[in-house]
Amino acid sequence: MTNRYLIRKKYVEPVLFLIFMALVFIISNPTQARFERWAAKELKRDESLRGFGKQLVIDGKYEKVLEKRNYLLFSVYYAQAADSGVKMKFKVVGILNRYYPVDVE
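Residues numbered from 1 in each chain as written. Predicted model: local features only at pLDDT ≥ 70, side-chain atom pairs only at ≥ 80, totals over all residues. Heavy atoms only, no water.

> Help me out: how do you make sense of unusual backbone geometry in this one?
Among all residues save glycine, negative phi is the norm, and among peptide bonds the norm is trans. You will see that Leu72, though not glycine, has its phi angle at about 70 degrees, which is positive. Here Leu72 is to be found in the loop between β3 (61–70) and β4 (75–83). Among the residues examined, Leu72 registers a relative accessible area of 51% and is labelled exposed. With a phi close to 60 degrees, Asn97 is a non-glycine residue in the positive phi region. Residue position: Asn97 is located in the loop between β5 (86–95) and β6 (98–104). (Helix = DSSP H or I, 4+ residues; strand = E, 2+ residues; numbered from the N terminus. Buried < 20%, exposed > 50% of the residue type's maximum accessible area, 1.4 Å probe, protein only.)

This is how it looks when you write it as structure tokens:
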């Protein structure tokens, strides 16, 4: 084995793997329209968002996205729902075409 082969094996292949994984994340970063459909369906299904093993209590109806922060590999959505006349805000992370609720204000 030559030094060139060892250098390639040690540095080039891991870098190519990282580039490939970054492309997968970028391509699968969910859109705002897809998030809106998911949020409306999720709230209609069982009247609460579920995430990370804990229930985020949002009874009511999804209203709108207040803000979307796109970090290229994933997105963070700040949205609003109506809960018995009270506006509740919630935060959801969108990554790999999946959504993970993380917080309710």
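> Looking at this structure, how should I read the packing of aromatic side chains?
Where two aromatic rings form a pair, the distance of their centres and the angle of their planes describe that pair. Per the stated rule, a full pass over the model turns up 6 aromatic pairs. Counting every residue linked through ring pairs, the aromatic cluster contains Phe35, Trp38, Tyr77 and Tyr99. (Phe/Tyr/Trp six-rings, centres within 6.5 Å; stacked < 30°, edge-to-face > 60°.)

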